[in-house]
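Topology and contacts: notes
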Amino acid sequence: MARLVHFSRVVRKITQQFSEISRQVITAEMFNHYPKVTMASSAAHTNRLINEKSPYLLQHAHNPVEWYPFGQEAIERAKAENKLIFLSVGYSTCHWCHVMEKESFENEDIARYMNENFINVKVDREERPDVDRIYMSFVQMTSGGGGWPMSVWITPDLRPIMAGTYFPPVDRWGHPGFRTILQRMADKWRRDTAELVGFSTSVVAAMEQSLQMAENASDELNIEGKFKECTRIYKARFDSVWGGFGHSPKFPEVSRLNFILHAFVHSASFLGKTEEDLFKAVAFTLEKICHGGIHDHIFGGFSRYSVDTKWHVPHFEKMLYDQAQLMTILSNCYRVRPRKLFIDVADRVFSYICSDLREPRGAFYSGEDADSFPTYASPEKIEGAFYGWLEADIDEAFQENASKFSGKSFNALDIYKHHYNIKAEGNVEPHSDPHGHLVSQNILMITGSLEKTAEHFKISVEELQEMLKVANGFLHELRNKRPRPHLDVKMVCSWNGLMLTGLSKLASLKESSVQRECSEAAETLYQFIRKEFFDSEVRKLKRVVYSPTEDATSNSPIYGFLDDYSFTIRGLLDYYELSLNEEVLEFARDLQTIQDTLFWDSEKGGYFYTEANSSNLIVRMKEDYDGAEPSGNSVSVKNLVLLSGYYGNQEFHQKAQKTLQHFSAMNSFGYALPEMMSSALIFDTGINEIVVVGRKGAETQKLLNVIREFYIPGLVIVHVDPNESKTFGKITKDTHKMVNDLPTAYICHHQQCLPPEVDVEKVRKILSEKYSSSPP
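Quantities reported herein were computed from a predicted structural model and do not represent experimental measurements.

**Describing the nonpolar core**
Ranked by size, the top nonpolar core spans 147 residues in total, and within it Ile-353 and Leu-503 carry the most contacts. Ranked by residue count, the leading element in this core is helix 13 (residues 320–336), at ten residues. Discounting chain neighbours no more than four positions away, the residues touching Ile-353 are Gln-323, Met-327, Arg-358, Phe-364, Met-499 and Leu-503.

**Observations concerning the state of the cysteines**
Disulfides are covalent bonds that link the sulfur atoms of two cysteine residues. According to the stated counting rule, one finds two disulfides in the structure shown. Paired by a disulfide, Cys-94 and Cys-97 hold their sulfur atoms 2.4 Å apart. Across the S-S bond linking Cys-94 and Cys-97, the dihedral sits near 80°, which makes this disulfide right-handed. The pair Cys-94 / Cys-97 is uniform in exposure class, with both members buried. The partner cysteine of Cys-748 in its disulfide is Cys-753, sulfur to sulfur 2.0 Å. Between Cys-748 and Cys-753 the sulfur-sulfur dihedral comes to about 105°; the bridge is accordingly right-handed. Since its relative accessible area comes to 52%, Cys-753 is described here as exposed.

**Looking at the pattern of salt bridges**
Applying the stated criterion to the full structure yields 51 salt bridges. As a salt-bridge pair, Arg-337 and Glu-276 come within 2.7 Å of each other at their nearest N and O atoms. Pair noted here: Arg-337 is in the loop between helix 13 and helix 14 (340–357) and Glu-276 is in helix 12 (residues 276–291), with a separation of 61 residues, a long-range link. With relative accessibility at 13%, the residue Arg-337 sits in the buried group. When its relative accessible area of 23% is taken as the criterion, Glu-276 is described as partly exposed.

**Examining the sheet that holds strand 20 (residues 752–753)**
The four strands lie next to each other as 18-17-19-20, forming an open sheet whose pairing is mixed. Each having just a single partner strand, strand 18 (715–720) and strand 20 make up the two edges of the open sheet. The pairing of strand 17 (residues 688–693) with strand 18 spans six bridges and is parallel. Considered in strand 18, the bridge of Ile-690 is made with Ile-717. Strand contacts of helix 28 (residues 698–708): strand 17, strand 18 and strand 19 (744–749), with the helix running at about 165° to strand 17, the strand carrying the most contacts.

**Re the packing of helix 22 (residues 562–579) against helix 23 (residues 582–599)**
Axis separation between helix 22 and helix 23 bottoms out at 9 Å; the angle between their running directions is 160°. Judged by the angle between their axes, helix 22 and helix 23 are roughly antiparallel. You can see that helix 22 and helix 23 cross each other, and the crossing is left-handed. Residues Leu-562, Tyr-565, Ser-566, Thr-568, Ile-569, Leu-572, Leu-573, Tyr-575, Tyr-576 and Ser-579 of helix 22 pack against Glu-582, Val-584, Leu-585, Phe-587, Ala-588, Leu-591, Gln-592, Ile-594, Gln-595, Leu-598 and Phe-599 of helix 23. Of the residues in the contact of helix 22 with helix 23, the class split is 15 nonpolar, five polar and one charged.

**Thoughts on the pairing of strand 19**
Consecutive residues of a regular strand have side chains that alternate between opposite faces of the sheet. Among the six residues that make up strand 19, five are buried, leaving the element largely enclosed by the rest of the structure. With six bridges connecting them, strand 17 and strand 19 associate as antiparallel partners. Bridge assignment links Val-691 to a residue of strand 19, and that residue is Tyr-746. Pairing between strand 19 and strand 20: two bridges, direction antiparallel. Counted as the bridge partner of His-749 is Gln-752 from strand 20. Counted between consecutive antiparallel strands, the loop separating strand 19 from strand 20 contains two residues, among which His-750 sits at a positive phi close to 55°.

Criteria and cut-off values
Residues numbered from 1 in each chain as written. Predicted model: local features only at pLDDT ≥ 70, side-chain atom pairs only at ≥ 80, totals over all residues. Heavy atoms only, no water. Core = buried A, V, L, I, M, F, W, Y, C linked by side-chain atoms within 4.5 Å. Buried < 20%, exposed > 50% of the residue type's maximum accessible area, 1.4 Å probe, protein only. Helix = DSSP H or I, 4+ residues; strand = E, 2+ residues; numbered from the N terminus. Contact = heavy atoms within 4.5 Å. Disulfide = S-S within 2.5 Å. Salt bridge = Lys/Arg side-chain N within 4 Å of Asp/Glu carboxyl O. Pairing = 2+ DSSP bridges. Axes fitted to C-alpha atoms, helices over the stretch in contact; angles between N-to-C directions. Parallel < 35°, antiparallel > 145°, perpendicular 65-115°, else oblique. Left-handed = near helix turned anticlockwise from the far one by under 90°. Nonpolar A, V, L, I, M, F, W, Y, C, P; charged D, E, K, R; others polar.

It is worth stressing that arrangement in space is one thing and function is another; only the former is reported here.
This is how it looks when you write it as structure tokens:
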């Protein structure tokens, strides 16, 4: 973010002369209360996007707009005709992308003007995050906000001059509509081409200058000082009433929760005492998220974010990266202090992704849309139609399934409606439903707890849980008869890497009701990554994989970006912890070496997001912010530290150090980059090395299972089987032997080792004293 702040100062001066255009940038939130405009279908039209594979691009293939995919053909035409490029970026499950399509891109008059005056290019941000990131940085710095759809006007040589997000089709409330902006931009380009070219040149120069801000980097990282600074910020911004940080809209912000949980484990070392407030911030936030409407109580999984402070009314799209990260933090929080709510919800996420997001070969699709048809006869999709409930519908469902509660001493319907806050008039507040899509609807939300509901109705918690399971089961069957939201069947490498981490963390918990299935799913996903995402001929990861039929007809794959490597390597490291399959670890090391070759900045340190000499990109970006997903640089630091620990590779360790030094000069380093702050803690305090020596079998497995009970940041774990001749760096069957012919654990932290231990309970006690603590 520090680079972006610097960029904003430079660009602000440049944009002043174009204030009559740039001040009109509009975000979707500004139009929450505008009446919706519906345009006629344009199915009679077909444009170049019909030849693409991206579900998002195919959604626009029948617009009257003459869309091009991002590439050389569009650029050459823009140069030949000396026209601005209108770049529209979104993704297939984006609600406001659908709104702008219906209102503007399906409007014959607007489309005609676009076709006559611009070269129009569509980009799927999930398929081409490199393009998205460049122009989103421009949007954020010139408008103070950002989001999708992203609308950018760029010169034929791809330099941005004007940008925004959602625009309504016509002028409203003193703000210009999309048609007006198009006319102003076309007129400005015709009248003042040279001026706009000069402006765009200055913009790119400012962007390039913003990437050179490593002069203040210091060899002194001062991790302890940065740790104290960011923990103060998090505690000050924590919402003690509803959890999370800040006000609406509320996102899970898992990278921040990950760091705070890690900080809690290290708080005694850095702050002199165990900071219970840190654990409370994580556990309380997760409780509120699990209880809120952002969590699908009927079946499982999480929506993208909530529009209110209570986590109640969500933006209903379900994205794979959210499922993966929340599965991980729920599993890790359970390890620190077991709470059944967390593992139960993580198990439900697993059930959801396997049922609704899993491709037959074992990888996972990108996500589900927020919008769907209320009925099969409905002419138009609306947001949340699949998830809302009228009280009458629930009453009828319970009546039809009354036999399932026969003989019970309680009224199941009354309990269900009380527990999930269901009301006759609906439970969605008007300010959370500006379009009136959820009038009289109920979005299930727990305002109390299992214990409070059980106490209120004088039944046991176990009886309540069984009743809710039965009721949600038949409501799930009923809901599945509704028109389902659109499924984006694109499989993204980085997100599947995140999911490999989530599966590995959950599968290593013996209390999980899906442990075996989860472990099998992790192995299948690992094999898919190796066979389908990794192109062994060119030795690169692919960014996306589609169905076998679509892949077979592909002209050329989109190769991976930094996130695809770093997230996949992280997933492999976590899956190695579960499987202890050395081939998994070797694949992670190989990918790290490839990542270093493709993305490493040998001059200043850290990783670029794209390969060198990537075509049609005006700058080579470095991400310095952990948002909905952590940045590739943040994840890479931990990967490098762990791989250095496994293989004794000093080059990996040095790259981790240089990356930290490169970003450490940022203001509020830990708040902007919480995932990197977590990685910095591991770098600073050292890895936790555990070697288990023992023959494969039940007794050795007991030791391994005890280790998996604990949340151990920076864990390097190795199993040595005396019956095998394999060596592992400095670890061999000669350097690490069994004591008294029993499975033995060697526990070291920061190269300080305890005596070898054979007693399982003593190993549990050693790890418990360091990595968990009882509440005061």
